[in-house]
Amino acid sequence: MAGNGNFLMDWFSPETPHPSTAPEKEARQRSPARVYLLLGLIVALAVTVLAAVITLRTAMYTTRQIPVAPLPKPPETFDAGIEVARLAQVLRYHTFAPRGTVGIDGGAYQGLHRYLYRAFPHVHEELHRETVGAYSLLYTWRGREPEAPPILLAAHIDVHPLSAAEAMAWSHPPFAGHIAQDSIWGRGARGGKAAATAILAAVEALLVRGFRPKVTILLAFSHDGQSGGANGTAGIVRRLQSREINPDFVLAPGTAVIESLPTFLQRPIALVGIAEKGALEMELVARGETTEAAESRLALAMERMLARSFPAEISGAARTLLDYVGPELDRTARAVLANLWLTAPWVANQLGRDPATQPLVRTILTQEALNPAAPHLALIYGTEPLLESAYSAIRISIAPGETVSGTEHDLHAIVRDPWIALRPRPRSAYEPTLPGHLANPAHAGFAAIARAIRSVFPEAVVAPGPVPWTTSARHYEELTANVFRFLPLTVAPDAPFRANGTDERIATDDYLRMVRFYGNLIRGLNRY
């Protein structure tokens, strides 16, 4: 080595003395070769380090599934036929989701309340029940440790209304509570009504066995969960706030068990929501010289908006989801997800292109209606005469990273038509959950939910993640940071996030499993 010990200077400087006696010109010619060799060594070293980092991170990327210590299996204390009949009867009440105070059928809600009182006698004997906002219900089941923070199990007892044309498309009347083909048919069979009935059925069965919970359990059933919860859900929150009651965690309906995602994971995924996307509903009214011209103008604007591709991004709850699902994949996919610091753009692009997974990672637009404008909308927008206008609406589920105002600005820029009025519906705008407001999957409540899931869905991978829509459960975030959203039923892989529609029904076995889930969750809280 040269006298100063700096071998880099020996390589780079042709002026540096060299052991050989070659002429100065020959030294200058060899210098580029030395540079290329050094660069090659640096690249090789970088590749080696990168491979080592990828290998190490993949090796450390181990399962995050919570072990399930089986609960002692109790004797079945409920009759399957009775439970199915109870849900069928609950589905017969026309408890439509209101907007504001318009459209509430008070008689339907009061009838449902009276039926629940008769159908679950032990619940109404042992638990304290109170009415909130005239139509919502709040039950309190005192625990053996009343000083401990309570647990809140939430659901809703309202459903979206149906038009006469929509009702005619059903195989069985949507409010008949029809039982056929080993299923219970009706509006709400795969939503909040089923969850509320299953919770009451589970509590009733536990009371029959003489069970008493360790911590106090609150049951909250709102009458406006489908319309944002401004009165019912928010009223329950205000009632609890006035008593300085802050639940340790809340479980409300939300995401479910996806049977599989063929391009992602072949096993069932029990997706427990820890955050929600934002929501925005936009109304459009187009004018034209004729109705046909207005409809054509509106259809063109809708086509432009629906063609808008929002960027896919892996952050917040979506990132958490991949952290839990990744270790359950094959070796190559595990290596990709273990190193999202390097692969995130590619993974986001792949998930954003797949219709089954894109609601998790990007803003999604869906058209709601296309028909002649209603008179009140024509007056709002000044579209005269009525027959020369057309109306449509669009729903937008807004991904984290986007904002309501930014999304609205983008849509105005896309339409760019003075003959089309575009504005958000009142009370329709909800910002996405920020990364700092995610429910904590390390919380003991998530572990309790995961164990209950695995007790009835033993093959499922339990993973926290985003809810690809907005729910009224976000009101409960005023009481606790840990609001989890999960509905214990399976959904098809080809449409895992599609809202309930025509011929809504739940298999009787699936409903009974729902009852067992809530029962096991409550029993498991005694180990909490």
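To start, this report covers the structure provided alongside it. Everything numeric in this text was worked out from a predicted model, so none of it was measured.

A short note on the environment of Val415
Looking at where Val415 falls in the secondary structure, it is placed in helix H15 (residues 404-415). Taking the C-alpha atoms as reference, Val415 lies 7.2 Å from Met305; in sequence the two are 110 residues apart. Look past the residues within four positions of Val415 in its chain and what remains in contact with it is Ala301, Arg304, Met305, Ile420 and Leu422.

Comments concerning the side chain of Arg362
Note that Arg362 resides in the loop between helix H13 (358-361) and strand E10 (364-371). Buried and unpaired, Arg362 has Glu402 as its nearest opposite-charge partner, separated by 8.5 Å. From its side chain, Arg362 meets the backbone oxygen of Phe310 in a polar contact 2.8 Å long. A distance of 2.6 Å separates the side chain of Arg362 from the backbone oxygen of Gly352, its partner in a polar contact.

Describing the nonpolar core
Core analysis: the largest hydrophobic core is formed by 104 residues, its most contacted members being Leu219, Phe221 and Tyr518. Residues contacting Tyr518, with those up to four places away along its chain left out, are Ala195, Ala198, Ile199, Ala202, Leu251, Phe486, Leu487 and Pro488. One finds Leu298, Met305, Leu411 and Val415 within the second-largest nonpolar core, a separate group that totals 21 residues.

Comments concerning the packing of aromatic side chains
In this structure the tally under the stated criterion is 10 aromatic pairs. The interplanar angle of 35° and the centroid separation of 6.4 Å between the aromatic rings of Tyr93 and Tyr115 together place this pair among those described as tilted. Of the two residues, Tyr93 sits in the loop between helix H3 (80-90) and helix H4 (106-119) while Tyr115 sits in helix H4, which places them 22 residues apart along the sequence. Tyr93 sits in the buried class, given a relative accessible area of 16%. Taken together, a centroid distance of 6.1 Å and an interplanar angle of 70° make the contact between Tyr324 and Phe446 edge-to-face. One end of the pair, Tyr324, is in helix H10 (residues 316-325); the other, Phe446, is in helix H16 (residues 444-456), with 122 residues separating them in the sequence. For the pair Tyr324 and Phe446, a shared accessibility class is recorded, and that class is buried.

Quick look at the packing of H3 against helix H17 (residues 508-524)
Where H3 meets H17, the axes come as close as 10 Å, and the angle between the chain directions of the two elements is 95°. Here H17 runs roughly perpendicular to H3, going by the angle between their axes. Where H3 approaches H17, its residues Ala80, Glu83, Val84 and Leu87 are matched on the opposing element by Thr508, Tyr511 and Leu512. Across the contact of H3 with H17, the residue classes tally to five nonpolar, one polar and one charged.

So, the environment of Glu204
Turning to its location among the elements, Glu204 is positioned in helix H7 (residues 192-208). Residues Glu204 and His122, 82 residues apart in the sequence, show an inter-C-alpha distance of 5.9 Å. Excluding residues within four positions of it along the chain, Glu204 makes contact with Arg86, Phe120, Pro121, His122 and Val123.

Re the pairing of strand E6 (residues 217-222)
Remember that side chains alternate between the two faces of the sheet whenever the strand is regular. Taking burial as the measure, the six residues of E6 include six buried ones, the bulk of the element. Burial along E6 is two-sided: Ile217, Leu219 and Phe221 and Leu218, Ala220 and Ser222, pointing in opposite directions, are all buried. Direction of pairing for strand E2 (residues 136-141) relative to E6: antiparallel, over a ladder of five bridges. For Thr140, the partnering residue across the bridge sits in E6 and is Leu218.

Section: the pattern of salt bridges
Side-chain pairing between opposite charges can occur once the charged atoms of the two side chains come close. For the coordinates displayed, the defined rule picks out 14 salt bridges. As a salt-bridge pair, Arg423 and Glu283 come within 3.9 Å of each other at their nearest N and O atoms. With a gap of 140 residues between them, Arg423 in strand E12 (residues 420-424) and Glu283 in strand E9 (residues 278-287) connect regions that are remote in the sequence. Note on Glu283: relative accessible area 8%, which makes it buried. Salt-bridge contacts for Glu477 lead to Arg485; the nearest nitrogen and oxygen are separated by 2.9 Å. Put simply, Glu281, Glu283, Arg395, Arg423 and Arg425 are held in one network by salt bridges that share partners.

Quick look at empty space enclosed by the protein
For the structure on display, the rule yields five cavities of 30 Å³ or more. There is about 70 Å³ of room inside the largest cavity. Taken together, the elements giving at least two residues each to the lining of the largest cavity come down to H10 and H13. Looking at the lining of the largest cavity residue by residue, the class counts come to seven nonpolar, one polar and two charged. Size it by volume and the second largest cavity reaches roughly 50 Å³.

Quick notes on helix H8 (residues 232-242)
Every buried residue of H8 is listed here: Gly232, Thr233, Ala234, Gly235, Ile236, Val237 and Leu240. Looking at the residues trailing H8, positive phi occurs at Glu244, about 55°.

Some details on the sheet that holds strand E4 (residues 179-180)
Reading across the sheet, the three strands line up as E4-E5-E15 and stay open at both edges, with antiparallel pairing between neighbours. Two strands bound the open sheet, and with one partner strand each, they are E4 and strand E15 (505-507). Looking at chain direction, strand E5 (residues 183-185) and E15 are connected through three bridges and run antiparallel. What sits directly across from Ile184, in E15, is Ile506.

Analysis parameters
Residues numbered from 1 in each chain as written. Predicted model: local features only at pLDDT ≥ 70, side-chain atom pairs only at ≥ 80, totals over all residues. Heavy atoms only, no water. Helix = DSSP H or I, 4+ residues; strand = E, 2+ residues; numbered from the N terminus. Contact = heavy atoms within 4.5 Å. Buried < 20%, exposed > 50% of the residue type's maximum accessible area, 1.4 Å probe, protein only. Lys, Arg positive; Asp, Glu negative; His and termini not counted. Salt bridge = Lys/Arg side-chain N within 4 Å of Asp/Glu carboxyl O. Polar contact = N/O pair within 3.5 Å; in protein donor to acceptor, adjacent residues only side chain to side chain. Core = buried A, V, L, I, M, F, W, Y, C linked by side-chain atoms within 4.5 Å. Phe/Tyr/Trp six-rings, centres within 6.5 Å; stacked < 30°, edge-to-face > 60°. Axes fitted to C-alpha atoms, helices over the stretch in contact; angles between N-to-C directions. Parallel < 35°, antiparallel > 145°, perpendicular 65-115°, else oblique. Nonpolar A, V, L, I, M, F, W, Y, C, P; charged D, E, K, R; others polar. Pairing = 2+ DSSP bridges. 1 Å grid on protein atoms, 1.4 Å probe; cavity = no way out; pocket = protein on both sides within 12 Å on 5 of 7 lines; lining within 4 Å. Points joined across faces, edges and corners; volume = space filled by probe spheres on them.

By themselves, these figures tell us nothing about what the structure is for.
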